[in-house]
Amino acid sequence: MKSALVLGAGGFIGSHMVKRLKSEGYWVRGVDLKYPEYSSTNADEFVIADLRNVEVVKQVLIPSSSLIFDEIYQFAADMGGAGFVFTGENDAEIMHNSATINLNVLESLHQHNQSIRLNHTKIFYSGSACMYPAYNQKDPDNPNCTEDSAYPAEPDSEYGWEKLFSERLFFAYHRNHNIPVAVARYHNIFGPEGTWEGGREKAPAAICRKVAAAKDTDSIEIWGDGNQTRSFLYIDECIEATRRFMMHTDFIGPVNIGSEEMVTINQLVSITADIAGKKIETSHIDGPQGVRGRNSSNNLIREKLGWDYKMTLAEGIQNTYEWIRFQSEIGK
Ligand code: NAD
């Protein structure tokens, strides 16, 4: 039986990955500061632990039944939407916590590999499109996020700088210590069981929540003029692409995992309002917005993995809206 370690297994993408790995017959250990918030974990073992502590990391890297995991998925990070990562207020925390986790995980894996004289475990890293340079994302209609456009580096947030540093760290451990890696750059992943309230939610979840709470013809608040563009990838498609990437033998990335269906935030509101069957007005207020335009470029992933997104944004929002509407109803 294959085994996997999922770091950040109490979070949105990590908890979905645990479900997927279990459905494929893996033995799975999950690690996080917390259990998944919206459903119970499917992991065989779930360890509540702080991955900023290197001694803890050394312990969780070794499965109880053998000396090595076949695969590690590194999702643990200090993470949030624009209201958390683009205000500047959480920069030190984000950079310190996420970089410490990645430093601890890679060095502990390297030391463990040395002690057993084997480099078997393949590790996945969830990088982010936030590492792309701001100067290529000024025109909302023509952003450039091809993998080779990363340098000269100029991410617009410290979150993006940490993601760039950490993807380089993964490649350095691959080059110098032969650790098998797979490094992706995710573009706005959304769907059921993602954070939808509390300040760390991202645009699709925040808009679904606001539309669900609104009455027909109400107005909801949007940060900025709403003409900033983004693409959003549904969680199931993200998990499928990530699994395909991990199964690939020699392509290590970095590679975009995203959708190329680019919309403005105002269009995202219209799509959500149509699904809700409500007429929704928008009022535009000051708020953190990030870059003016961003879209995934999927040429490389199509070529290397034969993967592409299939679902429309409306299909993904339909599922997400229903889930968030239900969550807000049961929370009342
Ligand atoms: P999430 O916040 O739901 O999950 C991250 C998990 O990491 C949380 O459950 C959190 O408790 C855990 N964690 C944080 N610090 C920890 C620590 N010290 N020890 C143990 N666990 C800790 O976020 P997500 O959306 O599932 O994102 C997963 C990964 O994908 C992150 O690395 C994120 O940066 C990356 N990513 C996500 C997106 C997206 O749109 N969701 C886009 C790009 C990149």
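### Remarks on the domain arrangement of the protein chain
- Domain annotation of the protein chain identifies domain 1 (3-189 + 232-257) and domain 2 (194-231 + 262-292 + 312-324).
- On a C-alpha basis, the centres of domain 1 and domain 2 stand 27 Å from each other.
- When domain 1 packs against domain 2, the two sides together hide about 2,100 Å² of surface, and 63% of this comes from carbon and sulfur.
- Its largest share of buried area at the contact with domain 2, domain 1 owes to Y38, P140 and F232, together 35% of the area lost on that side.
- Along the contact surface separating domain 1 from domain 2 lie 1 salt bridge.
- Note that D78 is salt-bridged to R200, the shortest N-O span being 2.9 Å.
- Taken together, the links from domain 1 to domain 2 amount to 9 residue pairs in polar contact (both at pLDDT 80 or more).
- When residues of the side of domain 1 that touches domain 2 are traced back to their parent elements, those giving at least two are α3 (82-85) and β10 (233-234).
- Sort the elements by how many residues they give to the side of domain 1 that touches domain 2 and α3 lands first, with 3 residues.

### Here we look at helix α1 (residues 12-23)
- The terminal C-alpha atoms of α1 lie 17 Å apart, and with 12 residues this matches the ideal 16 Å at 1.5 Å per residue to within 8%.
- All buried positions along α1 are accounted for by F12, I13, G14, S15, H16, M17, V18 and L21.
- Downstream of α1 by a residue or two, G25 has a phi angle that is positive, lying close to 90°.

### Some points on the sheet that holds strand β6 (residues 181-186)
- Overall, parallel pairing links the 7 strands, which are arranged β3-β2-β1-β4-β5-β6-β11 in an open sheet. At either end of the open sheet lies a strand with only one pairing partner, and these are β3 (45-48) and β11 (255-257). Ignoring strand direction, the axes of neighbouring strands in this sheet form an average angle of 20°.
- Here 6 bridges tie strand β5 (residues 122-128) to β6, and the two strands are oriented parallel to one another.

### Points about the site of the ligand
- What surrounds the ligand is a group of 26 residues, the closest being I13, D32, Y159, I189 and K202.
- L33 places a main-chain nitrogen or oxygen 3.5 Å from a nitrogen atom of the ligand.
- Between the ligand and Y159 there is a distance of 2.6 Å, counted from an oxygen atom to a side-chain nitrogen or oxygen.
- For the ligand, whose unbound accessible area comes to 820 Å², protein coverage reaches 93%.
- When contributions to the shell around the ligand are tallied by element, the ones reaching two or more residues are α1, β5 and α5 (158-177).
- Ranked by residues supplied to the shell around the ligand, first place goes to β5 with 3 residues.
- Its residues assigned to classes, the shell around the ligand comprises 13 nonpolar, 7 polar and 6 charged.

### Describing the side chain of S297
- Among the structural elements, S297 can be located in the loop between β13 (281-285) and α9 (299-305).
- Setting aside chain neighbours within four positions, we find S297 in contact with C145, T146, E147, N256 and E260.

### Topic: the environment of F84
- Among the secondary structure elements, F84 is positioned in helix α3.
- Note on F84: relative accessible area 8%, which makes it buried.
- The spatial distance from the C-alpha of F84 to the C-alpha of N298 is 27 Å, given a sequence separation of 214 residues.
- When sequence neighbours within four positions are dropped, the list of residues in contact with F84 reads D78, M79, N90, I94, G199 and R200.

### So, the side chain of H112
- Mapped onto the fold, H112 is located in helix α4 (residues 91-116).
- A relative accessible area of 11% places H112 in the buried class.
- Those residues in contact with H112 that sit more than four places away from it in its chain are I62, L67 and I68.

### Quick look at unusual backbone geometry
- In this structure, P152 follows Y151 across a cis peptide bond, with omega equal to 0°.
- Inspection of the secondary structure puts P152 in the loop between β5 and α5.
- G253 connects to P254 through a cis peptide bond whose omega is 5°.
- By secondary structure assignment, the location of P254 is in the loop between α7 (235-247) and β11.
- At R117, a residue that is not glycine, the phi angle is positive and equals roughly 55°.
- In this structure, R117 sits in the loop between α4 and β5.

Basis of the calculations
- Residues numbered from 1 in each chain as written.
- Predicted model: local features only at pLDDT ≥ 70, side-chain atom pairs only at ≥ 80, totals over all residues.
- Heavy atoms only, no water.
- Domains from an automatic or database assignment.
- Buried area = accessible area lost by both parts, 1.4 Å probe.
- Salt bridge = Lys/Arg side-chain N within 4 Å of Asp/Glu carboxyl O.
- Polar contact = N/O pair within 3.5 Å; in protein donor to acceptor, adjacent residues only side chain to side chain.
- Helix = DSSP H or I, 4+ residues; strand = E, 2+ residues; numbered from the N terminus.
- Expected span 1.5 Å × (residues − 1).
- Buried < 20%, exposed > 50% of the residue type's maximum accessible area, 1.4 Å probe, protein only.
- Pairing = 2+ DSSP bridges.
- Axes fitted to C-alpha atoms, helices over the stretch in contact; angles between N-to-C directions.
- Near = heavy atom within 4 Å.
- Areas by Shrake-Rupley, 256 points an atom, 1.4 Å probe, with all protein chains shown as cover.
- Nonpolar A, V, L, I, M, F, W, Y, C, P; charged D, E, K, R; others polar.
- Contact = heavy atoms within 4.5 Å.

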